[in-house]
Amino acid sequence: MQMSKEKTFVPAIIMTLIFIGLNVYANVFNTFKDLQYKFTGLKFSLAQSMESGLQDLFFTINLVLTNNHATTIFIQAINFDVKYNGVKIARVEQNSGINIAPKQTTVSILNIEVQTDSLPQTIKSALAQIVQGNAKFQLVFDGTISTELGTIPLKQNLNIGG
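Residues numbered from 1 in each chain as written. Predicted model: local features only at pLDDT ≥ 70, side-chain atom pairs only at ≥ 80, totals over all residues. Heavy atoms only, no water.

## What about the overall build of the chain?
At step 1: Tallying secondary structure elements over the chain gives three helices and eight strands in all.
At step 2: In the chain, the succession of helices and strands from N to C terminus is α-β-α-β-β-β-β-β-α-β-β.
At step 3: Burial statistics for the chain: of 162 residues in total, 35% are counted as buried.
At step 4: Considering only contacts in the chain between residues 6 or more positions apart, those separated by 24 or more positions represent 63%.
At step 5: When the accessible surface of the chain is totalled, it reaches about 10,000 Å², and 55% of it is carbon and sulfur. (Helix = DSSP H or I, 4+ residues; strand = E, 2+ residues; numbered from the N terminus. Buried < 20%, exposed > 50% of the residue type's maximum accessible area, 1.4 Å probe, protein only. Contact = heavy atoms within 4.5 Å. Areas by Shrake-Rupley, 256 points an atom, 1.4 Å probe, with all protein chains shown as cover.)

Here is the structure:
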């Protein structure tokens, strides 16, 4: 009995689609693996904070993004919470878009605004101490980096003061 061309053609198409799907998945996975990030250089903006009467505290932080992938990675958005002792003290959302060329590094300066009236007293005291340079504590940055290929989880602890 001879198998018709149609019956052999359908499995070939399915196998081709599976092969293409696995290659796309592998490329996406490698892109995510090849994008590295690191938060550095948290700086307090005294002038901006004083303008608000210390009702808001303003900081900037550098987000260093390194593309170790063979093609350009386009960052669509960076969104994360800033936490202190497990309590969310700020939310950062940047949707401007960043192109990172292959084998290149870029630094994005992100603004963090903390509204002090919504903070528990212990966190207010800790932030006041760090502004004066008298404290050591840890902030946690927890969120996502969105690319044209998908979303990468972002999580880093940053020790402040010393």
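## Quick notes on the nonpolar core
At step 1: I75, I78, F80, V82, I112 and F141 are the most contacted members of the largest nonpolar core, which totals 29 residues.
At step 2: Elements with a contribution of two residues or more to this core: β1 (35–44), β2 (56–67), β3 (73–84), β4 (87–94), β5 (98–100), β6 (104–115), β7 (136–147) and β8 (150–161).
At step 3: Among residues more than four places away in sequence, those in contact with I112 are L42, L57, F58, F59, I61, V82, A90, V92 and F141. (Core = buried A, V, L, I, M, F, W, Y, C linked by side-chain atoms within 4.5 Å.)

## A closer look at the pattern of salt bridges
Side chains that differ in sign of charge can pair as their charged atoms come close.
At step 1: As enumerated under the stated definition, the model contains five salt bridges in all.
At step 2: Measuring nitrogen to oxygen at the nearest pair gives 3.7 Å for the salt bridge that ties K88 to D81.
At step 3: We classify K88 as partly exposed; its relative accessible area is 47%.
At step 4: Assessed through its relative accessible area of 16%, D81 is described here as buried.
At step 5: The closest approach of N and O atoms between E93 and R91, which form a salt bridge, is 3.2 Å.
At step 6: In this structure E93 comes out as exposed when scored by relative accessible area, which is 54%. (Salt bridge = Lys/Arg side-chain N within 4 Å of Asp/Glu carboxyl O.)

## Re a nonpolar patch on the surface
At step 1: A cluster of nonpolar residues, I14, M15 and I18, forms a patch on the protein surface that exposes about 300 Å² of accessible area.
At step 2: With respect to the helices and strands, the residue I14 is situated in helix α1 (residues 5–34).
At step 3: We classify I14 as partly exposed; its relative accessible area is 44%. (Patch = residues over 30% accessible without salt bridge, like charges linked within 9 Å, V, L, I, M, F, W, Y side chains within 5 Å.)

## Observations concerning the environment of E148
At step 1: With respect to the helices and strands, the residue E148 is situated in the loop between β7 and β8.
At step 2: For E148, a relative accessible area of 41% translates into the label partly exposed.
At step 3: Remark: the alpha-carbon pair of E148 and A77, spanning 71 residues in sequence, is separated by 9.7 Å.
At step 4: Separated by 3.1 Å, the side chain of E148 and the backbone nitrogen of F74 make a polar contact. (Polar contact = N/O pair within 3.5 Å; in protein donor to acceptor, adjacent residues only side chain to side chain.)

## Examining the packing of aromatic side chains
At step 1: Enumeration over the complete set of coordinates arrives at three aromatic pairs.
At step 2: Between F80 and F141, the aromatic rings sit 5.6 Å apart at their centres with planes inclined by 80 degrees, giving edge-to-face as the arrangement. You can see F80 sitting in strand β3 and its partner F141 sitting in strand β7, a full 61 residues away along the chain. Considered together, F80 and F141 belong to a single accessibility category, that of buried residues. (Phe/Tyr/Trp six-rings, centres within 6.5 Å; stacked < 30°, edge-to-face > 60°.)

## Quick notes on the confidence of the model for the chain
At step 1: Averaged over all residues, the pLDDT of the chain is 77; the fraction at 70 or higher stands at 72%.
At step 2: Least confident of the elements in the chain is α1, whose mean pLDDT is 61; most confident is β3, at 90. (pLDDT = per-residue confidence, 0-100.)

## Topic: the environment of I61
At step 1: As for its placement among the helices and strands, I61 is situated in strand β2.
At step 2: Along the chain, I61 and L42 lie 19 residues apart, while their C-alpha atoms are 4.4 Å from each other.
At step 3: With residues near it in sequence (within four places) discarded, I61 still touches F39, T40, G41, L42, S108, I109, L110, I112, F141 and L158.

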